[in-house]
Amino acid sequence: MQWFVDFLGEVAAFDLAAVDPRIQAPVAVLASVIAAKLFDWIITRLLLRRAPKTEGDFYNRLVEILHRPVFLLVLLGGFGVAANLLVPDGWPRTITFGMLGTLAVLVGLTFAIRLNQLTLEGLSRNPERFRYVERRTLPLIRNLSNVLLAGVAAYFLLQVWDLDVTPWLASAGILGIVVGLGARDTVANFFAGVLILADAPYQVGDFIVLDTGERAQVTHIGLPSTRRLTRVDIEITIPNGVMGNIKVINETGGPNTKHRIRIRVACAYGSDIDHVKQVLLQVAEGQEEVCQDPEPRVRFRTFGASGLDLELLAWVDEPVLRGRVTDALNTAVYRRFADERIEIPYSKQDLYVKELPTPFGG
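Criteria and thresholds
- Residues numbered from 1 in each chain as written.
- Predicted model: local features only at pLDDT ≥ 70, side-chain atom pairs only at ≥ 80, totals over all residues.
- Heavy atoms only, no water.
- Pairing = 2+ DSSP bridges.
- Helix = DSSP H or I, 4+ residues; strand = E, 2+ residues; numbered from the N terminus.
- Axes fitted to C-alpha atoms, helices over the stretch in contact; angles between N-to-C directions.
- Buried < 20%, exposed > 50% of the residue type's maximum accessible area, 1.4 Å probe, protein only.
- Phe/Tyr/Trp six-rings, centres within 6.5 Å; stacked < 30°, edge-to-face > 60°.
- Contact = heavy atoms within 4.5 Å.
- pLDDT = per-residue confidence, 0-100.
- Core = buried A, V, L, I, M, F, W, Y, C linked by side-chain atoms within 4.5 Å.
- Parallel < 35°, antiparallel > 145°, perpendicular 65-115°, else oblique.
- Left-handed = near helix turned anticlockwise from the far one by under 90°.
- Nonpolar A, V, L, I, M, F, W, Y, C, P; charged D, E, K, R; others polar.

A word on the sheet that holds strand 2 (residues 215-221). The five strands are arranged 4-3-2-1-5 in an open sheet whose pairing can be described as antiparallel. Whereas interior strands pair on both sides, the edge strands pair on one side only; in this sheet they are strand 4 (235-239) and strand 5 (248-250). On average, each strand axis in the sheet is inclined to that of its neighbour by 40°, with strand direction left out of account. The pairing of strand 1 (residues 207-210) with strand 5 spans three bridges and is classified as antiparallel. Note on strand 5: the bridge partner recorded for L210 is V248.

Here's what the structure looks like:
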């Protein structure tokens, strides 16, 4: 045992400065690689095995996004030690450490953005405790926090390159005024996007109808614009400044996503109205995609110019089914009316000739 104590004493008394820096630098890099691998093994093996099981596998995902940044930062630390030994003073040293610092800031920013996303998703699953972080406000909080993280990263980048922050802040204030005056539409779109994300009149996946009659599904809600997918699979981008100033009908809003279909049909005067209603209900009940809760119903609306106007009301689970189910119901109603000999009236005019004209000279 005494030999081991003597060995440690010799190691402690060893003058590291006497070693050639060209030897120390590769050793530092190699040591950083070993340390990075060790930390990566500790995080992915030991911590992952001891991680508790939670909803959404929060700890597993945390370990997944943590081990790569730790590995890279430890590795960059080793390169920094090697650069400190080999790179001479002056502009080569400034550029070298500036590049290493920039890479470290970018790695940290990437990790912070992913951690922010994971944390907000975890908080949104518990709306009773965190009532301001929920599904409808999640995009707004995520975007604002990412902008804040980007600002912090920009500040550290200036520090890495030894740039004075004060003139940059003053210039940013003046630039902000100029940009605000010159890009009013962009600023208006940004604040309209903030209000849309906060108020949540619609969400991703909802079917909306604009006051112009256009109907589409919302695919993305950002700060500058909202993207919608039309029925012909064409994506349209609309500035949020426009979306915030028009009437929007959210067909998916409300307590559920069910959508009501109206089938307008008429029968001739003299038809058995009760029988017609029964036939329409049977048609609706025969369609698999028609909901039974609420159940289909028939309403006798008015006495039309050519017949009795009725309306079949039915519900589907999703607004996207409206077109297909409407086509199926119209086809089934036409066939059943033909089988039941129920006349569907149409506009027609009868011409009565009071008398034939007298032939010339007759």
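From this point, the narrative continues.
With that settled, consider unusual backbone geometry. Backbone torsion omega between D293 and P294 reads 0°, so that peptide bond is classified as cis. Within the element layout of this structure, P294 appears in the loop between helix 9 (273-285) and strand 7 (297-303). Even without glycine at this site, R341 takes up a positive phi of about 55°. Tracing the backbone shows R341 in the segment after helix 10 (322-339). Classification of R341 as exposed rests on a relative accessible area of 78%.

Another aspect to go through is the packing of aromatic side chains. Inspection of every chain in the model, using the stated rule, returns two aromatic pairs. Seen from their ring centres, Y155 and F156 are 5.7 Å apart, and the 75° between their planes marks the pair as edge-to-face. With centroids separated by 5.2 Å and ring planes inclined at 70°, the aromatic side chains of F300 and F303 adopt a geometry described as edge-to-face. We classify F303 as exposed; its relative accessible area is 59%.

Here we have three strands laid out as an open sheet, ordered 6-8-7, and antiparallel in their pairing. Two strands lie at the open edges of the sheet, namely strand 6 (259-268) and strand 7, each paired on one side alone. Along the sheet, successive strands turn relative to each other by an average axial angle of 25°, direction set aside. One ladder, built from ten bridges, connects strand 6 with strand 8 (residues 307-316); its direction is antiparallel. Its bridge partner being in strand 8, A268 is matched across the sheet by G307. Along the sheet face, helix 9 touches strand 6, strand 7 and strand 8 and points at about 25° away from the line of strand 8. Its contacts with the sheet place helix 10 against strand 6 and strand 8, and it is angled at close to 20° to strand 6.

Turning our attention to the pairing of strand 1. Of the two faces of strand 1, both are covered, the one formed by F207 and V209 as well as the one formed by I208 and L210. Bridge count for strand 1 against strand 2 is three bridges, and the pairing is antiparallel. What sits directly across from V209, in strand 2, is R215. Where strand 1 hands over to strand 2, the hairpin turn is made up of four residues, of which G213 adopts a positive phi near 95°.

This paragraph deals with the confidence of the model for the protein. The predicted coordinates ought not to be read in detail in places where the model reports low pLDDT. The share of residues in the protein with pLDDT of 70 or more is 81%, and the mean pLDDT across the chain is 79. Across residues 1-16, confidence stays below pLDDT 50; counting only partners more than four residues off in sequence or on other chains, it has two contacts.

Let us look at the environment of T237. Its place among the elements puts T237 in strand 4. Classification of T237 as partly exposed rests on a relative accessible area of 46%. For the pair T237 and T226, spaced eleven residues apart in sequence, the C-alpha separation works out to 5.7 Å. Setting aside chain neighbours within four positions, we find T237 in contact with S225, T226 and R227.

This part takes up the nonpolar core. Judged by nonpolar contacts, the single largest core of 23 residues is most densely connected at V276, L280, L310, V325, L329 and F337. Counting residues per element, the ones that place at least two in this core are strand 6, helix 9, strand 8 and helix 10. Setting aside chain neighbours within four positions, we find L310 in contact with I263, R264, V265, C267, I273, V276, K277, L280, V298, R299, F300 and R301. Ranked by size, the runner-up nonpolar core spans twelve residues in total, among them L140, V218, I238 and M243.

Here the focus is the packing of helix 9 against helix 10. Interaxial distance between helix 9 and helix 10 falls to 10 Å at its minimum, and their mutual angle equals 140°. The orientation of helix 9 relative to helix 10 falls into the category oblique. The interaxial crossing formed by helix 9 with helix 10 has right-handed handedness. Contact residues: helix 9 offers V276, V279, L280, Q282, V283 and A284, while helix 10 offers L329, A332, V333, R336 and F337. Class assignment for the residues of the contact of helix 9 with helix 10 results in nine nonpolar, one polar and one charged.

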